[in-house]
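# Topology and contacts: notes
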Amino acid sequence: DTGVSQNPRHKITKRGQNVTFRCDPISEHNRLYWYRQTLGQGPEFLTYFQNEAQLEKSRLLSDRFSAERPKGSFSTLEIQRTEQGDSAMYLCASTPPRGSSYNSPLHFGNGTRLTVT
Amino acid sequence: DAKTTQPPSMDCAEGRAANLPCNHSTISGNEYVYWYRQIHSQGPQYIIHGLKNNETNEMASLIITEDRKSSTLILPHATLRDTAVYYCIVRVASEDDKIIFGKGTRLHILP
(Lines give C-alpha, C1' and ligand atoms only; values in the text may rest on other atoms or scores of the structure.)
Protein backbone atom coordinates (compact mmCIF):
# COMPACT_ATOMS: atom_id res chain seq x y z
CA ASP A 1 0.00 0.00 0.00
CA THR A 2 1.54 3.33 -0.97
CA GLY A 3 -0.86 5.56 0.91
CA VAL A 4 -0.16 7.70 3.98
CA SER A 5 0.68 5.44 6.91
CA GLN A 6 0.11 6.35 10.55
CA ASN A 7 1.22 4.47 13.63
CA PRO A 8 -0.03 3.44 16.03
CA ARG A 9 -3.70 3.25 15.04
CA HIS A 10 -4.80 3.43 18.64
CA LYS A 11 -3.10 4.70 21.78
CA ILE A 12 -4.43 4.68 25.33
CA THR A 13 -2.43 6.60 27.88
CA LYS A 14 -2.82 7.96 31.34
CA ARG A 15 -3.07 11.66 31.98
CA GLY A 16 0.35 13.23 32.37
CA GLN A 17 2.18 10.76 30.17
CA ASN A 18 3.94 11.68 26.93
CA VAL A 19 2.92 10.13 23.63
CA THR A 20 4.43 10.17 20.14
CA PHE A 21 2.74 9.41 16.84
CA ARG A 22 4.39 8.73 13.53
CA CYS A 23 3.30 9.58 9.99
CA ASP A 24 4.88 8.22 6.82
CA PRO A 25 3.67 10.26 3.83
CA ILE A 26 3.36 9.07 0.26
CA SER A 27 6.79 8.80 -1.32
CA GLU A 28 7.96 12.06 -2.92
CA HIS A 29 5.22 14.09 -1.25
CA ASN A 30 7.17 16.98 0.19
CA ARG A 31 4.32 18.64 2.04
CA LEU A 32 2.90 17.10 5.20
CA TYR A 33 0.00 18.21 7.39
CA TRP A 34 -1.23 17.26 10.86
CA TYR A 35 -4.88 17.59 11.84
CA ARG A 36 -6.85 16.78 14.98
CA GLN A 37 -10.46 15.58 14.97
CA THR A 38 -12.78 15.27 17.94
CA LEU A 39 -16.08 13.44 17.92
CA GLY A 40 -18.70 15.01 15.68
CA GLN A 41 -16.38 17.69 14.34
CA GLY A 42 -14.47 18.09 11.13
CA PRO A 43 -10.67 17.80 11.20
CA GLU A 44 -8.87 20.87 12.56
CA PHE A 45 -5.54 21.99 11.14
CA LEU A 46 -2.57 21.77 13.51
CA THR A 47 0.63 22.25 11.52
CA TYR A 48 2.25 21.99 8.11
CA PHE A 49 5.70 21.03 6.80
CA GLN A 50 7.32 21.61 3.48
CA ASN A 51 10.22 19.19 3.40
CA GLU A 52 11.81 19.50 6.85
CA ALA A 53 10.65 23.06 7.45
CA GLN A 54 7.64 23.63 9.67
CA LEU A 55 5.95 26.53 7.89
CA GLU A 56 2.77 27.05 9.87
CA LYS A 57 1.40 26.19 13.28
CA SER A 58 -2.18 26.62 14.43
CA ARG A 59 -2.94 28.29 17.73
CA LEU A 60 -4.44 24.90 18.65
CA LEU A 61 -0.88 23.58 18.85
CA SER A 62 -0.05 24.43 22.46
CA ASP A 63 3.50 24.30 23.76
CA ARG A 64 2.84 20.73 24.96
CA PHE A 65 2.68 19.71 21.31
CA SER A 66 5.72 19.40 19.08
CA ALA A 67 5.99 18.13 15.55
CA GLU A 68 9.13 17.29 13.65
CA ARG A 69 10.10 16.12 10.22
CA PRO A 70 13.86 15.83 10.53
CA LYS A 71 14.76 14.46 7.10
CA GLY A 72 11.80 15.69 5.15
CA SER A 73 10.28 12.23 5.00
CA PHE A 74 8.36 10.83 7.99
CA SER A 75 7.03 13.09 10.71
CA THR A 76 6.36 12.69 14.42
CA LEU A 77 3.86 14.46 16.63
CA GLU A 78 4.61 14.41 20.35
CA ILE A 79 2.23 15.44 23.11
CA GLN A 80 3.80 16.02 26.50
CA ARG A 81 1.91 15.80 29.79
CA THR A 82 -1.26 14.60 28.11
CA GLU A 83 -4.62 15.87 29.29
CA GLN A 84 -8.06 14.32 28.85
CA GLY A 85 -8.88 17.08 26.39
CA ASP A 86 -6.17 15.74 24.10
CA SER A 87 -8.31 12.68 23.40
CA ALA A 88 -8.98 12.80 19.66
CA MET A 89 -8.11 11.34 16.30
CA TYR A 90 -4.82 12.71 14.97
CA LEU A 91 -4.69 12.71 11.19
CA CYS A 92 -1.76 13.15 8.86
CA ALA A 93 -1.96 14.14 5.20
CA SER A 94 0.53 14.68 2.42
CA THR A 95 0.61 16.27 -1.00
CA PRO A 96 3.22 16.46 -3.77
CA PRO A 97 5.42 19.45 -4.62
CA ARG A 98 3.41 22.41 -5.82
CA GLY A 99 4.83 22.44 -9.32
CA SER A 100 4.02 18.84 -10.20
CA SER A 101 0.24 19.15 -9.86
CA TYR A 102 -1.35 22.50 -9.41
CA ASN A 103 -4.43 21.47 -7.47
CA SER A 104 -3.19 18.39 -5.69
CA PRO A 105 -5.68 17.11 -3.14
CA LEU A 106 -4.46 16.16 0.30
CA HIS A 107 -4.07 12.43 0.84
CA PHE A 108 -4.96 11.43 4.38
CA GLY A 109 -3.92 8.52 6.53
CA ASN A 110 -6.40 6.68 8.72
CA GLY A 111 -5.23 8.46 11.84
CA THR A 112 -4.11 7.63 15.35
CA ARG A 113 -6.90 7.57 17.91
CA LEU A 114 -5.66 8.82 21.27
CA THR A 115 -7.56 8.14 24.48
CA VAL A 116 -6.30 9.85 27.63
CA THR A 117 -7.67 8.30 30.83
CA ASP B 1 -13.46 29.32 9.72
CA ALA B 2 -15.02 27.15 7.05
CA LYS B 3 -16.48 29.18 4.20
CA THR B 4 -19.17 26.66 3.34
CA THR B 5 -22.59 25.72 4.69
CA GLN B 6 -23.97 22.21 4.46
CA PRO B 7 -27.02 20.45 5.94
CA PRO B 8 -25.97 18.41 8.97
CA SER B 9 -27.53 15.19 7.73
CA MET B 10 -29.34 13.59 4.80
CA ASP B 11 -30.88 10.23 3.95
CA CYS B 12 -30.89 8.52 0.58
CA ALA B 13 -32.30 5.18 -0.53
CA GLU B 14 -29.81 2.64 -1.81
CA GLY B 15 -29.62 2.68 -5.59
CA ARG B 16 -30.92 6.23 -5.90
CA ALA B 17 -28.89 9.33 -6.65
CA ALA B 18 -27.64 11.19 -3.61
CA ASN B 19 -27.55 14.96 -4.11
CA LEU B 20 -25.54 16.80 -1.46
CA PRO B 21 -25.85 20.60 -1.49
CA CYS B 22 -23.24 23.13 -0.41
CA ASN B 23 -23.48 26.88 -0.07
CA HIS B 24 -20.34 28.97 -0.59
CA SER B 25 -21.75 32.42 -1.22
CA THR B 26 -18.50 34.25 -0.37
CA ILE B 27 -16.29 32.20 -2.69
CA SER B 28 -13.54 34.16 -4.44
CA GLY B 29 -12.69 33.96 -8.11
CA ASN B 30 -9.53 31.92 -7.53
CA GLU B 31 -11.06 29.44 -5.07
CA TYR B 32 -11.90 25.92 -6.09
CA VAL B 33 -14.66 23.79 -4.62
CA TYR B 34 -13.41 20.48 -3.20
CA TRP B 35 -15.35 17.55 -1.82
CA TYR B 36 -14.01 14.97 0.59
CA ARG B 37 -15.77 12.22 2.47
CA GLN B 38 -14.92 10.41 5.67
CA ILE B 39 -16.11 6.91 6.34
CA HIS B 40 -16.25 5.93 10.01
CA SER B 41 -12.81 5.35 11.56
CA GLN B 42 -10.96 6.34 8.39
CA GLY B 43 -9.24 9.48 7.22
CA PRO B 44 -10.91 11.89 4.78
CA GLN B 45 -10.91 10.73 1.17
CA TYR B 46 -10.73 13.11 -1.78
CA ILE B 47 -13.70 12.86 -4.14
CA ILE B 48 -13.66 15.64 -6.72
CA HIS B 49 -12.97 19.34 -7.22
CA GLY B 50 -13.89 22.08 -9.68
CA LEU B 51 -13.65 25.78 -10.40
CA LYS B 52 -16.69 26.73 -12.46
CA ASN B 53 -17.39 23.94 -14.91
CA ASN B 54 -19.23 20.80 -13.95
CA GLU B 55 -16.92 17.89 -13.29
CA THR B 56 -17.37 14.13 -13.32
CA ASN B 57 -15.12 11.27 -12.29
CA GLU B 58 -15.56 7.64 -11.40
CA MET B 59 -16.84 8.50 -7.95
CA ALA B 60 -19.19 11.43 -8.43
CA SER B 61 -20.32 14.49 -10.34
CA LEU B 62 -19.94 18.08 -9.20
CA ILE B 63 -22.43 20.67 -10.37
CA ILE B 64 -21.45 24.30 -9.69
CA THR B 65 -24.00 27.07 -10.24
CA GLU B 66 -23.21 29.77 -12.74
CA ASP B 67 -22.68 32.38 -10.01
CA ARG B 68 -20.50 29.83 -8.15
CA LYS B 69 -22.29 30.53 -4.89
CA SER B 70 -23.42 26.96 -4.45
CA SER B 71 -22.68 23.46 -5.67
CA THR B 72 -24.09 19.95 -5.54
CA LEU B 73 -22.21 16.69 -5.25
CA ILE B 74 -24.04 13.85 -6.95
CA LEU B 75 -23.46 10.19 -6.19
CA PRO B 76 -25.37 8.63 -9.10
CA HIS B 77 -26.21 5.23 -7.61
CA ALA B 78 -25.69 5.31 -3.87
CA THR B 79 -24.67 2.13 -2.08
CA LEU B 80 -24.43 1.33 1.61
CA ARG B 81 -20.67 1.92 1.37
CA ASP B 82 -21.36 5.56 0.55
CA THR B 83 -22.57 6.14 4.12
CA ALA B 84 -20.12 8.78 5.37
CA VAL B 85 -19.64 12.41 6.32
CA TYR B 86 -19.22 14.56 3.21
CA TYR B 87 -17.23 17.77 3.44
CA CYS B 88 -17.50 20.65 0.97
CA ILE B 89 -14.44 22.92 1.05
CA VAL B 90 -13.30 26.02 -0.82
CA ARG B 91 -9.58 26.26 -1.42
CA VAL B 92 -7.34 28.75 -3.17
CA ALA B 93 -5.61 26.95 -6.03
CA SER B 94 -2.52 29.13 -6.19
CA GLU B 95 -1.45 28.60 -2.58
CA ASP B 96 -2.03 24.85 -2.39
CA ASP B 97 -2.32 25.40 1.31
CA LYS B 98 -4.01 23.64 4.18
CA ILE B 99 -7.73 22.95 3.88
CA ILE B 100 -10.28 24.06 6.45
CA PHE B 101 -13.04 21.59 7.18
CA GLY B 102 -16.53 22.45 8.39
CA LYS B 103 -18.83 19.91 10.03
CA GLY B 104 -19.98 18.35 6.78
CA THR B 105 -23.12 16.43 5.92
CA ARG B 106 -23.68 13.01 7.44
CA LEU B 107 -25.19 10.92 4.61
CA HIS B 108 -27.13 7.82 5.56
CA ILE B 109 -27.82 5.35 2.78
CA LEU B 110 -30.94 3.38 3.62
CA PRO B 111 -31.31 -0.24 2.44
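Details of the structure are given in the entry above.
In this report, we go over the structure that sits alongside the text.

Scoring rules and cut-offs
Residues numbered from 1 in each chain as written. Chains lettered and ligands numbered in written order. Predicted model: local features only at pLDDT ≥ 70, side-chain atom pairs only at ≥ 80, totals over all residues. Heavy atoms only, no water. Helix = DSSP H or I, 4+ residues; strand = E, 2+ residues; numbered from the N terminus. Rg over C-alpha atoms; globule rule 2.2 N^0.38 Å. Buried < 20%, exposed > 50% of the residue type's maximum accessible area, 1.4 Å probe, protein only. Pairing = 2+ DSSP bridges. Contact = heavy atoms within 4.5 Å. Buried area = accessible area lost by both parts, 1.4 Å probe. Polar contact = N/O pair within 3.5 Å; in protein donor to acceptor, adjacent residues only side chain to side chain. Nonpolar A, V, L, I, M, F, W, Y, C, P; charged D, E, K, R; others polar.

The next point concerns the overall build of chain B. Assigned secondary structure in chain B consists of zero helices and nine strands. A compact globule built from 111 residues should have a C-alpha radius of gyration of about 13 Å, and chain B, at 13 Å, falls within 12% of that. Across its three principal axes, chain B shows a C-alpha extent of roughly 40 × 30 × 25 Å. Out of the 111 residues belonging to chain B, those deemed buried represent 45%.

Further remarks concern unusual backbone geometry. For the bond from Asn7 of chain A to Pro8 of chain A, the omega torsion is -10 degrees, close enough to zero to count as cis. Mapped onto the secondary structure, Pro8 of chain A falls in the loop between strand E1 (5-7) and strand E2 (10-13). Unusually for a residue other than glycine, Arg81 of chain A sits at a positive phi of about 50 degrees. Along the polypeptide, Arg81 of chain A turns up in the loop between strand E8 (75-79) and strand E9 (88-95). Of note in this structure, Arg68 of chain B is not a glycine but carries a positive phi near 65 degrees. For Arg68 of chain B, the position within the fold is in the loop between strand E6 (61-64) and strand E7 (70-75).

What follows concerns the sheet that holds strand E5 (residues 55-56) of chain B. Residues and elements named next belong to chain B. Pairing in this open sheet of four strands is antiparallel, and the strands run E2-E7-E6-E5 from one edge to the other. Edge positions in the sheet fall to strand E2 (18-23) and E5, since each of these pairs with one other strand and no more. Pairing between E6 and E7: four bridges, direction antiparallel. Bridging from a neighbouring strand, Ser61 pairs with Ile74 of E7.

Quick look at the interface of chain A and chain B now. Interfaces are often sized by the accessible area lost when the parts come together. Taken residue by residue, the interface counts 22 residues in chain A and 22 residues in chain B. Carbon and sulfur atoms make up 46% of the area that chain A and chain B hide from each other, which totals about 1,900 Å². At the boundary of chain A and chain B, one finds six residue pairs in polar contact (both at pLDDT 80 or more). Secondary structure elements with two or more residues in the side of chain A that touches chain B: strand E4 (31-37) and strand E5 (44-50) of chain A. Ranked by residue count, the leading element in the side of chain A that touches chain B is E4 of chain A, at four residues. Taken together, the residues of the side of chain A that touches chain B sort by class into 10 nonpolar, eight polar and four charged.

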